[in-house]
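# Examining the three-dimensional arrangement
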Amino acid sequence: MRDELTRPEEILEELGDKVVAQIERLAPVAFDGAFREMTQYHRFLIAVGASRDPDGAPFNFAEIAGNAWQAPHKEWIRQYRRLFERAADKLVDDNHFIRSLAYTPGRLLPRPGDPDLSPNVVRSILDLGPILVSRLQAWLTKRTTVETREGQAAAPRLVLAGSDAKAYENLMPEIVGAWESLLHHVPSIYGWRERGDQDDVQRWAAFQASWPFLWQHLTNTAYCLATAVWNEDEVGAALFREALVRWRDSFSHSLNVRAELRHRRLLFPDILDLGWAAASATAEPLGYDYMPPPGPDELFASVIRGAQDDVILVTAALLLFWTMHEKQSSDIGARTARSLQRRETSDQDHRYIDERAIGFRSLFLDLLRLEISDACQRDGSYSANVDHLVAILDNMTERRVVPGRVFTPSTLHGRDSLLQSDLATLLAFVPEDGDDGVLDRIAALAREEEVLPGGDAALRAILHQLERFRTTLEEPTPSIDKVAPVLTPDLDVDRAKTRFREILTAASTTIESERLHRLQSRSPDQKKLEGFRAAIEEALLTAPAEVPFFRNVAVGKATDDEAAEWRDMVFQGIGKAQLTEPPMEAASWNLKEVLVSGAREWAGRYAWNEFCLRHRTEANVSARPEDEAFWRDIELLIPQVGPEPVLVVSRNAEGRALRRFLYAPAAERPRLDIQKRPVDEQGASYIATVEGVDVFGADFRPGEALLFSANSLRSMCYAQTDPSGRFAELTFELSEGMTGKLCVRVRQSLEWLDRPIFDLKAPDPADAD
């Protein structure tokens, strides 16, 4: 029998065993050879599976996962975890192993002539960086002790022993340097040739292809920083904070330009989903009239800058959140957040590119930028990616749980939960006088709705966030009061809150004023109104009719010789903002569905009202419907009304009594045949079926009831409202402010069968007394 073939994972694992063996022997030369053999085989596996999808995009067969197996490329990446762990254990004895392993991602990335790697494979390779850092943090936490400094209040601090601390401090710069060096590969991997060697379409395509790599590296840098801060690693936190601040420096020589845009904060990475022609047209309104439109380099550099600023802002907010909610024993989170916000670096001779003073206006507008991105949120959008980043970073703080149990996660799921962190940051930078130019910039945004992603929806998102800030300020905020002075020493928190409330009020007023002016000048969208009218018309002409108590009603178009009455259906409280296109108000319900359902109900009410005006025959009965005598009194009347008899009673009197019979013990029920049919077949007002008669509740006076046939209404038809062949008209009329009414007019024709209607009168119990 033929032996089963060895799987690639098994071969890679055996190669990994050889690497581990050399680490345990402390044999660096043999280690280098074994590690080279392992990574070369891994590169071979990746190259074998490289292909392209039907659209021509890079694809790798190693990405394919099934119900019973994980994607092979993830299995291959897992082999390196134990290598990192073993090498970390030996870093004091010989740091050559962990230093060499820090360059693992670079060994696996493609070289000139290699097949292109798919984004999923590239992400997995780049995830080796955080995996390595996690193993180093595990080594660190196993070797730390709790120290309380003499003469100070009890404040636990994690410290390493002397030799361990020295070894770790010497190692970490090279670990961070190896991680930063991966960015040097980007221009060659994705074909960023010299400007002039490619046309704009080709150059933009090269930038598009590199975005998954850059975003993964950027967010993994933030993850490494968060891991160091969570473990209260001062050395690692300082180095990875600088790596995040200087992130663009590593490839700035290949991308050293930036578009001059009036509204640079409105440019999001989602633009990379567009071809060059569409991307250029999208970005052009964001620039200055007197400047030429930005080229691919300028546009991509601006996208990269905005993404880095966003990640720094979100990461700082999360670290601050940890301090505010006392998730750590020290204030390392708040201190790191402060340094991030100010873009601080330790080496002033190599300050991060485009370093600028961070002030209130910059922070405030950067936060609003993220709210604007939410306005056009969708699955896979940039806003969703930022929310995912927050969830991934905070997930490391999840409490321990028993596997298999259902539990409620204690970690964050997105940016919304960082509101207090954002508020504390803004309070720390709020100017003592003036608004630092914020209101002028907001006014400019409010005036130019056409440049905003999502249009008016972006302004509504900003207003929503301003209201959240204002509402939070009205509540006690001890965590904010505690942490804001850490960001800005000697801060007068109460004064800062007062100033910020004034700015928030002025900003909201400015936006609302511009929106109201726009709304006043716009007319309801006629196409939208016609859509409502056509939907109502179709619903009224489609069976079944929505008429209370009647069944088998024919619905259709009335002939020219049929008499028809004009019917008005009025829907009050309709905001004009919902009728513009695009809408200027977020609808909490589907307006078209509400109008259609309401029109059908109006039509049914008109039919019932006309029925109530028809001739009725009065009949006195000796009891009420909850008494057996009542049913004996009407026993001879029921056959006279015809098929499917219906009794309508007071829902508050007799209706309640009949419902009690349904659930009463058999011994307490009257000697009547009482059944309960499905409510969805009869309508919400249906109570029960007694002696073959369907009983419904309505707003009748106690002691009064109507007995008739459910087939009394033969048809409900509609005549044309104008010669063009329409059967419904719809208009909108403003009544107060920007709110009005939608008026629907139809010509309704009802055909009734000549069947008796009995008006039943029962004696008042008070008269009997």
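This paragraph deals with the packing of helix 3 (residues 72-89) against helix 7 (residues 128-142). Where helix 3 meets helix 7, the closest approach of the two axes is 9 Å, and the angle between their N-to-C directions is 35 degrees. In this structure, helix 3 meets helix 7 at a crossing whose hand is right-handed. Here Ile-77, Tyr-80, Arg-81, Phe-84, Glu-85, Ala-88 and Asp-89 of helix 3 come into contact with helix 7, specifically with Leu-128, Ile-131, Leu-132, Arg-135, Leu-136, Trp-139 and Lys-142.

Scanning the model with the defined rule gives 32 aromatic pairs in all. Ring centres of Phe-207 and Phe-300 lie 4.6 Å apart, and the angle between their planes is 5 degrees; on these two criteria the pair is classed as stacked. Here the residue Phe-207 occupies a position in helix 10 (residues 200-230), and Phe-300 occupies one in helix 13 (residues 296-324), the gap between them amounting to 93 residues. A relative accessible area of 0% means that Phe-207 is categorised as buried. On the basis of an interplanar angle of 65 degrees and a centroid distance of 5.2 Å, the ring pair of Trp-230 and Trp-322 is categorised as edge-to-face. One end of the pair, Trp-230, is in helix 10; the other, Trp-322, is in helix 13, with 92 residues separating them in the sequence. Residue Trp-322 is classed as buried on the basis of its relative accessible area of 0%. Every member of this aromatic cluster is reached through a ring pair, and the members are Phe-549, Phe-550, Trp-608, Phe-611, Tyr-686, Phe-696, Phe-708 and Trp-752. In this structure, Arg-605 packs its charged tip against the face of Trp-602, placed 4.7 Å from the ring centre.

Here the largest pocket is characterised by a volume of approximately 850 Å³. Lining the largest pocket are 26 residues; nearest its centre among them are Arg-123, Trp-215, Gln-216, Thr-219 and His-388. Looking at the lining of the largest pocket, the element that brings in the most residues is helix 10, giving eight residues. For the lining of the largest pocket, a count of residues per class yields 13 nonpolar, nine polar and four charged. Here the second largest pocket is characterised by a volume of approximately 430 Å³. If you trace the second largest pocket, you find 18 residues lining it, with Glu-546, Val-547, Pro-548, Phe-549 and Arg-605 closest to the centre. In terms of residues, the lining of the second largest pocket owes the most to one element, helix 23 (residues 591-612), which gives four residues.

As a further point, take the sheet that holds strand 12 (residues 704-709). Strands sit in the order 7-16-12-8-11-10-9 across an open sheet of seven strands; the sheet is mixed. For this open sheet the edge positions go to strand 7 (617-620) and strand 9 (674-675), each flanked by a neighbour on one side alone. Bridging between strand 8 (residues 645-650) and strand 11 (residues 693-698) involves five bridges; their strand directions are parallel. Its bridge partner lying in strand 11, Ser-650 is registered against Ala-698.

All right, on to empty space enclosed by the protein then. Vacant regions in the atomic arrangement are exposed by a probe of water-molecule size rolled over the atoms. Per the counting criterion, the structure on display carries six cavities of 30 Å³ or more. Of the voids in this model, the largest cavity is the one considered here, and its volume is about 90 Å³. For the lining of the largest cavity, the element with the most residues is helix 7, which contributes four residues. By residue class, the composition of the lining of the largest cavity is 13 nonpolar, one polar and no charged. The calculated volume of the second largest cavity comes to roughly 70 Å³. In terms of lining, the second largest cavity is formed by 13 residues, of which the most central are Leu-540, Ala-545, Glu-546, Arg-600 and Met-716. Residue assignment for the lining of the second largest cavity shows that the elements contributing at least two residues are helix 22 (526-540), helix 23 and strand 13 (713-719).

Cut-offs and rules
Residues numbered from 1 in each chain as written. Predicted model: local features only at pLDDT ≥ 70, side-chain atom pairs only at ≥ 80, totals over all residues. Heavy atoms only, no water. Axes fitted to C-alpha atoms, helices over the stretch in contact; angles between N-to-C directions. Helix = DSSP H or I, 4+ residues; strand = E, 2+ residues; numbered from the N terminus. Left-handed = near helix turned anticlockwise from the far one by under 90°. Contact = heavy atoms within 4.5 Å. Phe/Tyr/Trp six-rings, centres within 6.5 Å; stacked < 30°, edge-to-face > 60°. Buried < 20%, exposed > 50% of the residue type's maximum accessible area, 1.4 Å probe, protein only. Lys NZ or Arg CZ within 6 Å of the ring centre and 35° of its normal. 1 Å grid on protein atoms, 1.4 Å probe; cavity = no way out; pocket = protein on both sides within 12 Å on 5 of 7 lines; lining within 4 Å. Points joined across faces, edges and corners; volume = space filled by probe spheres on them. Nonpolar A, V, L, I, M, F, W, Y, C, P; charged D, E, K, R; others polar. Pairing = 2+ DSSP bridges.

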